[in-house]
Amino acid sequence: MGMEIKRHEKPVLVTRSSLPPLDEYVEMLKPIWESAWLTNMGSYHEEFKAQLADYLKADNLELFVNGHMALEIGIQALKLEGEVITTPFTFASTTHAIVRNGLTPVFCDINDKDYTMDADKIESLITDKTCAIAPVHVYGNICDVEKIREIADRHGLKVIYDAAHTFGETFDGVGVANFGDISMFSLHATKVFHSIEGGIISFKDSELKDLLYQLKNFGITGYESVEYVGSNGKMNEFQAAMGLCNLRHLDGEIAKRKVLVDRYREHLSGVEGIRLCEENPRVKSNYAYMPVVFDGYAVDRDTIFAELAKYNIHARKYFYPCVNSYECYSGQFSEEDTPVAAKISRQVLTLPLFADLPVETVDEICDIILSFQK
Ligand code: T4K
């Protein structure tokens, strides 16, 4: 701290995809060339699925071309009708997947500690049309899974977790894939673990297995039969090969992220007007994001965002704006119904975090932020 900070020549972005050594990936491509089997559930697809089941400690899972298709198809497989209680503090995908299934989102506010759905506010939103609750383990913070399960069971509702940020995490030693009726993991290039693009649905009811497989393959159920209006959500062999390579290096990548998160915390914890998510001792984290909330700090979030940009450092406002104020939903919802989410979305900044981010850059980012201190 206290060093002179120069503008970075190359932009420091919020994240940077991890990649395996090139030779390792190229070696994986050779069998694809030999077999000329590129997609439609090839051998890498099957191998990847088996290794993921092991890593995620989940018996039932299906692979998809990306996280969003996984969520859309996962919801379709549950055959729901009516209203789904969800959070507005998320990426566009969560709500879009609900709406594109012909369901109506009902927005529940978040809590101001870890920004997941406020479980105490769910019951007042339940009506005779409610069919499911769709919370998000936002930034890798695990929702109040116990209370949500209890509410869902009492009202006969399905629970759909958007676990896009939560790959590999555990809660009390249980793989996060095991909560809810279904959970969706994103394997997008920007995630802690990726297969270029990719997605997973883990599911409780093993009877969903065939249906999910069929729905991601146009609803085809046999050579001469198409029983469902399915989609094309298949993961291809190049994606699966990337996933298999990355899985070998994942634990090392997470360990590097932890060092950086600890460093951010060292600098920013306890500073007046700056809030960090509390670490939950019940959760084994994957250190997916570094969200920082500026609430009563010397300057506001947007000033910090602009100041970092002067140094070619590009934090992101994940998740601003809230989904219930998107143009595409104009006139249907009001951000005022979820005041905590509205406030946090204006105060939060996710700082750069990726395995190969130099620790010196973390020091610089914190120096820039703390230079405004009164
Ligand atoms: N649910 C939640 C809660 C989610 O956060 C997401 C996705 C989903 C569902 C849907 O899952 P997927 O269908 O995407 O699997 C990015 C990601 O594209 C998106 O996956 C992610 N959430 C979201 C939070 O972040 P953008 O629009 O911010 O991406 P973009 O292109 O601005 O990239 C962000 C930064 O990542 C860049 O500044 C640099 C870096 N980057 C990006 C790409 C594309 C790389 O290093 N390599 C790359 O290939 O959405």
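Bear in mind that the values here come from a model prediction, so they are computed numbers and not experimental data. Going along each chain's sequence as written, the residues are numbered from 1 onward. Restriction of local features to residues with pLDDT of at least 70 applies here, the model being predicted, together with a cutoff of 80 or more for giving and counting side-chain atom pairs; totals for whole chains, interfaces and linings are based on all residues. As a rule here, side-chain values come from all non-hydrogen atoms in the structure, and water together with hydrogens is ignored.

Asker: Pulling in residues and values, what's your account of the packing of helix H3 (residues 67-77) against helix H6 (residues 208-215)?
Answerer: At their nearest, the axes of H3 and H6 sit 10 Å apart, and the two run at 130° to each other. Viewed along their axes, H3 and H6 adopt a mutual orientation that is oblique. Seen along the crossing, H3 lies across H6 with a hand that is right-handed. On the side of H3, the interface is formed by Ile-73, Gly-74, Gln-76 and Ala-77, while H6 contributes Leu-208, Leu-211, Leu-212 and Leu-215. Residue polarity follows a fixed list, in which Ala, Val, Leu, Ile, Met, Phe, Trp, Tyr, Cys and Pro are nonpolar, Asp, Glu, Lys and Arg are charged, and the others, Gly among them, are polar. Considered class by class, the residues forming the contact of H3 with H6 number six nonpolar, two polar and no charged. Only the stretch in contact is used when fitting a helix axis, every axis being a line fitted to C-alpha atoms; angles between N-to-C directions are given from 0 to 180 degrees. A run of DSSP states H or I qualifies as a helix once it reaches four residues; a run of E qualifies as a strand once it reaches two. Both are numbered from the N-terminal end. Any angle that is under 35 degrees is reported as roughly parallel, and any over 145 degrees as roughly antiparallel; angles of 65 to 115 degrees are reported as roughly perpendicular and all others as oblique. By the definition used in this description, the sense in which the near helix is turned from the far one sets the handedness, with an anticlockwise turn below a right angle giving left-handed and a clockwise turn giving right-handed. Any two residues having at least one pair of non-hydrogen atoms within 4.5 Å are treated as being in contact.

Asker: Describe the pairing of strand E3 (residues 104-107), with residues and values.
Answerer: Relative to E3, strand E2 (residues 83-86) is paired through four bridges, and the arrangement is parallel. Each residue of the ladder has a partner; that of Thr-86, found in E3, is Phe-107. Handedness of the E2-helix H4 (residues 92-99)-E3 crossover: right-handed. We treat two strands as partners when DSSP finds at least two bridges between them. Here a crossover is taken to be right-handed if, once the strands point away from the viewer, the path from the first strand over the helix to the second is traced clockwise.

Asker: Which residues make up the pairing of strand E9 (residues 199-203), and what values do they have?
Answerer: Among the five residues of E9, five are classified as buried, and the element is accordingly described as predominantly covered. Alternating residues of E9 divide into Gly-199, Ile-201 and Phe-203 and Ile-200 and Ser-202, and every residue in both groups is buried. Where strand E1 (residues 61-64) lies against E9, four bridges are found, and the strand directions are antiparallel. Paired with Leu-61 across the two strands is Ser-202, which belongs to E9. Alignment of strand E8 (residues 182-186) against E9, held across five bridges, turns out to be antiparallel. Only protein chains enter the accessibility calculation, which uses a 1.4 Å probe. A residue is then buried if its area is under 20% of the maximum for its type, exposed if over 50%, and partly exposed in between.

Asker: Quick one: what's the story with the site of the ligand, residue by residue and with numbers?
Answerer: Neighbouring residues of the ligand: 27 residues in total, closest Asp-162, His-165, Ser-186, Arg-316 and Tyr-318. Contact between the ligand and Ser-17: a nitrogen atom at 2.9 Å from a side-chain N or O atom of the residue. By the criterion applied in these results, polar contacts are pairs of N or O atoms within 3.5 Å in which, for protein atoms, one can donate a hydrogen and the other can accept it, and in which residues neighboring in sequence qualify only through two side-chain atoms. At a separation of 2.7 Å, an oxygen atom of the ligand approaches a polar side-chain atom of His-165. When residues of the shell around the ligand are traced back to their parent elements, those giving at least two are H3, H4 and E8. Looking at the shell around the ligand residue by residue, the class counts come to ten nonpolar, 13 polar and four charged. Think of it this way: one heavy atom of a residue within 4 Å of a molecule or strand is enough to make that residue near it.

Asker: Help me get a handle on the environment of Tyr-213, residues and values and all.
Answerer: Locating Tyr-213 in the fold gives a position in helix H6. Taking the C-alpha atoms as reference points, Tyr-213 and Trp-33, separated by 180 residues in sequence, lie 25 Å from one another.

Asker: Describe in detail the sheet that holds strand E14 (residues 291-294), supporting the description with residues and values.
Answerer: Judged by pairing direction, the sheet is antiparallel, and its three strands sit side by side in the order E12-E14-E15 without closing on themselves. This sheet does not close on itself; its edge strands, each paired only once, are strand E12 (274-276) and strand E15 (348-350). For this sheet, the mean angle separating the axes of adjacent strands, direction not counted, is 30°. Looking at chain direction, E12 and E14 are connected through three bridges and run antiparallel. Looking across to E14, one finds that Arg-275 is bridged to Val-293. Most of the contacts of helix H9 (residues 339-347) go to E15, to which it runs at about 50°, and overall it touches E12, E14 and E15.

Asker: Break down the packing of aromatic side chains for me, citing the residues and quoting the values.
Answerer: Between the rings of Phe, Tyr and Trp (Trp by its six-membered ring), a pair exists once the centres lie within 6.5 Å; its type follows the angle of the planes, with under 30 degrees stacked, over 60 edge-to-face, and the other angles tilted. Counted by the stated rule, this structure contains 19 aromatic pairs. Ring centres 6.0 Å apart and planes at 80° place the aromatic pair Phe-89 and Tyr-139 in the edge-to-face group. Here the residue Phe-89 occupies a position in the loop between E2 and H4, and Tyr-139 occupies one in the loop between strand E4 (130-134) and helix H5 (145-155), the gap between them amounting to 50 residues. For the pair formed by Phe-89 and Tyr-139, the shared burial category is buried. Seen in terms of ring centroids, Tyr-329 and Phe-333 are 5.8 Å apart; in terms of plane orientation they differ by 75°. Their pairing is edge-to-face. Linked through ring pairs, Phe-89, Phe-91, Tyr-115, Tyr-139, Tyr-289, Tyr-318 and Phe-319 together constitute an aromatic cluster. Placement of a positive charge over a ring is assigned whenever Lys NZ or Arg CZ falls within 6 Å of the ring centre and within 35 degrees of the normal to the ring plane. Seen from the ring of Phe-64, Lys-216 lies directly overhead, with NZ or CZ sitting 5.6 Å from the centre.

Asker: For the state of the cysteines, give the residues involved together with the corresponding values.
Answerer: Disulfide: a pair of cysteine sulfur atoms within 2.5 Å of each other. Inspection of the entire model under this criterion finds zero disulfides. The structure places no disulfide on Cys-277, whose sulfur is separated from the nearest cysteine sulfur, that of Cys-143, by 12 Å. The buried category is assigned to Cys-277, whose relative accessible area is 7%. In this structure Cys-366 is a free cysteine whose sulfur lies 15 Å from that of Cys-277, the closest cysteine sulfur available. Judged by its relative accessible area of 0%, Cys-366 falls in the buried class.

Asker: Give a detailed account of the nonpolar core, specifying residues and quantitative values.
Answerer: In terms of nonpolar packing, the biggest core is built from 96 residues, with Phe-89, Ile-122, Phe-167, Leu-268, Ile-274 and Leu-351 touching the most fellow members. Considering each element in turn, this core owes the most residues, twelve residues, to helix H7 (residues 237-268). When neighbours within four sequence positions are excluded, Leu-268 is seen to be in contact with Ile-274, Leu-276, Val-292, Leu-351, Cys-366, Ile-369 and Leu-370. Throughout this description, the term nonpolar core refers to a set of buried Ala, Val, Leu, Ile, Met, Phe, Trp, Tyr and Cys residues connected via side-chain atoms within 4.5 Å. Membership of the second largest hydrophobic core comes to 26 residues, among which are Phe-64, Met-69, Ala-134 and Leu-211.

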